[in-house]
Amino acid sequence: NLSHNAAKVQRAAILPSCPGNSALLRPLDDLKSPSLGGSSLTFRSSFLRQRVSLKEVCGSTKPFHLSSSRFISAEARTATAAASQSTTSSSKRNPQIVILGGGFGGLYSALRLTQYPWQQGEEPDITLVDQNERFVFSPLLYEILSKEVESWEIAPSFSELLYHSKTARFLRAAVDGIDLDAKTVHLSGRAEPLEYDRLVIALGGEANCDMVPGAKEHSLAFRTLADAQTALAKLQELEKSTVDPIRVVIIGGGYSGVELACTLADRLGNRGYVQLVDSGDRIMKTSSDHNRQAALRALKDRGAWVDLNVVVKEVGPDSVTLLYTDGQTDIVPANLIFWTAASKVSRVVAELPLERTTRGQVITSPTLQVPGYPEVSAVGDLAFVQGSVGEPVPMSAQAAMQQADYIAWNVWASLTGR
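What counts as what
- Residues numbered from 1 in each chain as written.
- Predicted model: local features only at pLDDT ≥ 70, side-chain atom pairs only at ≥ 80, totals over all residues.
- Heavy atoms only, no water.
- Pairing = 2+ DSSP bridges.
- Helix = DSSP H or I, 4+ residues; strand = E, 2+ residues; numbered from the N terminus.
- pLDDT = per-residue confidence, 0-100.
- Contact = heavy atoms within 4.5 Å.
- Buried < 20%, exposed > 50% of the residue type's maximum accessible area, 1.4 Å probe, protein only.
- Axes fitted to C-alpha atoms, helices over the stretch in contact; angles between N-to-C directions.
- Salt bridge = Lys/Arg side-chain N within 4 Å of Asp/Glu carboxyl O.
- Core = buried A, V, L, I, M, F, W, Y, C linked by side-chain atoms within 4.5 Å.
- Parallel < 35°, antiparallel > 145°, perpendicular 65-115°, else oblique.
- Left-handed = near helix turned anticlockwise from the far one by under 90°.
- Nonpolar A, V, L, I, M, F, W, Y, C, P; charged D, E, K, R; others polar.

*Asks:* Lay out the sheet that holds strand β10 (residues 246–251) in plain terms, naming residues and giving numbers.
*Replies:* Strand order in the open sheet made by the 5 strands is β9-β16-β10-β11-β12, with parallel pairing throughout. If you trace the sheet from one side to the other, it starts and ends with β9 (220–221) and β12 (305–307), each paired once. Pairing analysis gives 6 bridges linking β10 to strand β11 (residues 272–277), with the strands arranged parallel. If you follow Arg247 over to β11, its bridge partner there is Tyr273.

*Asks:* Let's hear about the confidence of the model for the protein chain: which residues, and what values?
*Replies:* For the protein chain, per-residue confidence averages 80 on the pLDDT scale, and 78% of positions sit at 70 or higher. Taken element by element, the protein chain is modelled with least confidence in helix α1 (residues 4–8), mean pLDDT 29, and with most confidence in strand β7 (residues 198–201), mean pLDDT 98. Of the regions scoring below 50 in pLDDT, residues 1–74 engages in 166 contacts with residues more than four places distant in sequence or in other chains.

*Asks:* Can you lay out unusual backbone geometry for me, pointing to particular residues and giving the numbers?
*Replies:* In this structure, the amide linkage connecting Asp244 to the following residue, Pro245, adopts the cis form with an omega of 5°. Tracing the backbone through its elements, the reader meets Pro245 in the loop between α8 (225–240) and β10. Despite not being glycine, Lys147 has its phi angle at roughly 65°, a positive value. As for its position among the elements, Lys147 is in the loop between β2 (125–130) and α5 (151–154). Accessibility expressed as a relative area gives 63% for Lys147, which makes it exposed. Backbone geometry places Leu368, a non-glycine residue, at a positive phi of 70°. Within the secondary structure layout, Leu368 lies in the loop between β18 (362–363) and β19 (369–370).

*Asks:* So, the sheet that holds strand β15 (residues 329–333): which residues are in play, and what are the values?
*Replies:* Sheet strands associate in pairs through backbone hydrogen bonding, adopting either a parallel or an antiparallel arrangement. What the 3 strands build is an open sheet, ordered β13-β14-β15; its pairing is antiparallel. Of all the strands in the sheet, just β13 (311–315) and β15 have a single pairing partner and so form its edges. Averaged over all pairs of adjacent strands, the angle between their axes in this sheet comes to 25°, without regard to strand direction. As judged from the 4 bridges shared by β13 and strand β14 (residues 319–323), these two strands associate in the antiparallel manner. Within β14, the residue paired with Val311 across the bridge is Leu323.

*Asks:* Mind laying out the pairing of β15, listing which residues take part and the relevant values?
*Replies:* Across 5 bridges, β14 lies against β15 in antiparallel orientation. In the strand pairing of β15, Leu322 is matched with Asp330. Between β14 and β15, which follow one another and run antiparallel, lie 5 residues, and Gly327 among them has a positive phi close to 90°.

*Asks:* Requested: an account of the pattern of salt bridges, with residues and values cited.
*Replies:* For the structure shown, the criterion picks out 10 salt bridges. The partner of Asp266 in a salt bridge is Arg302, and the shortest N-O contact between them spans 3.0 Å. Here Asp266 is found in helix α9 (residues 255–268), whereas its partner Arg302 is found in the loop between α10 (289–301) and β12, with 36 residues between them in sequence. Given the relative accessible area of 34%, Arg302 is considered partly exposed. Across the salt bridge formed by Asp278 and Lys285, the nearest N and O atoms sit 2.9 Å from each other. Among the ionic contacts, a cluster of salt bridges with common partners joins Arg93, Glu195 and Asp197.

*Asks:* Tell me about the nonpolar core, residues and numbers included.
*Replies:* Membership of the largest hydrophobic core comes to 76 residues, with the highest contact counts inside it found for Leu113, Phe222, Val248, Ile250, Leu264 and Phe338. Ranked by residue count, the leading element in this core is helix α12 (residues 397–416), at 13 residues. Leave out the neighbours within four places in its chain, and Val248 touches Leu264, Leu268, Tyr273, Val274, Gln275, Leu336 and Phe338. Counting 26 residues, the second-largest nonpolar core is a separate cluster that includes Val98, Val175, Leu194 and Tyr196.

*Asks:* Lay out the packing of α8 against α9 with the relevant residues and their values.
*Replies:* It is the contact of α8 with α9, at a shortest axis distance of 12 Å, that shows an interaxial angle of 30°. As summarised for this structure, α8 and α9 are arranged roughly parallel, according to the angle between their axes. Seen along the crossing, α8 lies across α9 with a hand that is right-handed. Between α8 and α9, the residues in contact are Leu232, Leu235, Gln236 and Glu239 and Leu264, Arg267 and Leu268, respectively. Residue composition of the contact of α8 with α9, by class: 4 nonpolar, 1 polar and 2 charged.

Now the structure itself:
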C-alpha cells in the first residue's frame with residue numbers, strides 16, 4: 001500500500017530515540033510527555049511516510065533500563081539465567097519468546113528482538129499474540145474523525161509488519177489464561193498451550209465503563225480502530241440530521257480526551273458544542289505544566305468547554321448526570337458521549353498472583369521484570385514502573401516504545417549470557 005513517494009523516503013525508525021546512537025540515549029526522567037498536537041504531528045510524519053520503518057528498528061550497542069543504572073543487575077542476570085537453564089537444558093528446542101498483546105510495547109519488543117545478533121542454531125522462536133489482525137497506531141486514531149487519514153494508513157496488519165522476519169510470527173488469538181508456574185499461555189480455540197522461556201505481557205488496558213451506571217450501554221470507547229469507525233459513523237449520521245447544535249460530552253481529560261475534544265470541535269465548528277469533563281482538578285495529569293497549558297489554550301481557542309472536579313453519576317442514552325463539588329447535580333444533554341476516562345487491566349492479568357497497584361497495574365522491577373518471575377516482563381499500560389527519580393512512567397505510546405527497547409535488550413541479554 002506504500003505510494004511511490006513513500007517508498008523513496010529514507011527509511012528510519014519511528015522511535016524518538018535509539019540506543020544504537022549514544023547521543024540519543026537519555027534517562028527516563030528526560031522522557032518528554034506528549035504535547036497536544038506536537039507528538040501526533042511527529043508520529044504522523046514518521047508513520048504515514050515511513051510505515052515500512054516499523055520493520056527496520058535500529059540496532060542497539062549497549063543495555064539500559066528504567067532506572068538511573070542502565071544495566072540489568074547481577075542478581076537479576078543470575079536469576080534469569082537460572083530460569084533459562086531450567087527450561088532449556090532438558091530440551092534441544094530453540095528458546096521460546098511469547099509476547100502477549102500487539103500494542104506499542106508488544107509490537108516494538110518483537111521487532112527489536114528480531115534485530116539482535118543470535119548465534120546460529122540458537123535463534124529464538126518469537127510469537128506475537130493478539131486477538132486483532134492489525135496494529136493500531138493509536139496516537140493518530142482521532143484523525144479518522146478529522147478525515148486526515150484512512151483506516152489502512154494507521155492500521156497495518158501484523159503479518160505485514162513481521163513479513164521479513166525469520167524468527168518472529170504472528171498468531172491471532174485471544175488469551176484465556178497464563179500459568180506462571182508451568183510457563184504456559186492458554187489461548188482461545190487452541191487445545192495445546194504455548195510454552196515459553198521468556199514471556200512479555202503487553203495486554204494493555206480496557207475501558208472501565210462499569211464504574212458509572214449506564215456508561216457501558218450509552219458511551220463510546222475510543223481505543224481501537226473499530227471504536228473510531230463506530231464513532232465516525234455516528235458522527236456522520238448526526239451531521240446529516242437536523243440536530244443543531246450537536247452536543248458531545250467526553251468523559252476523561254487525559255491525552256485521548258483532549259485530542260478528541262479538539263478534533264471534534266474543529267470538525268463540528270459552530271454547529272458543535274463539545275464538553276470535556278474530568279473528576280480531577282486538571283487535565284492531562286501526567287503531563288508537564290507547559291503541555292497542559294498548551295492543551296487548555298487549544299481547547300479554549302476551539303470553543304470546547306472544560307469541566308473539572310466533576311463526578312459523572314450516570315450516563316443515559318441522551319444525557320450525562322454530573323455532580324459538582326458544591327453538591328449540586330446537572331443533567332447535561334448529549335447526542336454523542338465518549339468514555340476516555342479510567343481504564344482497567346484485562347481479566348487475564350487481574351487473575352495473576354502478582355503484586356499490583358490500586359489501579360490494577362502490575363508492579364515491576366526497574367528492568368521491567370515481574371518480581372518472583374524473572375522470565376516474565378510487563379510493558380505498557382498494565383505495567384507500573386518508576387523512573388530514575390521515582391516518578392511513575394506515563395501510560396503513553398512514547399513510554400511503551402522506550403520500554404520495549406529495555407525489555408528486548410534484557411530478554412536477549414539473558415538468553416545469550418550477556
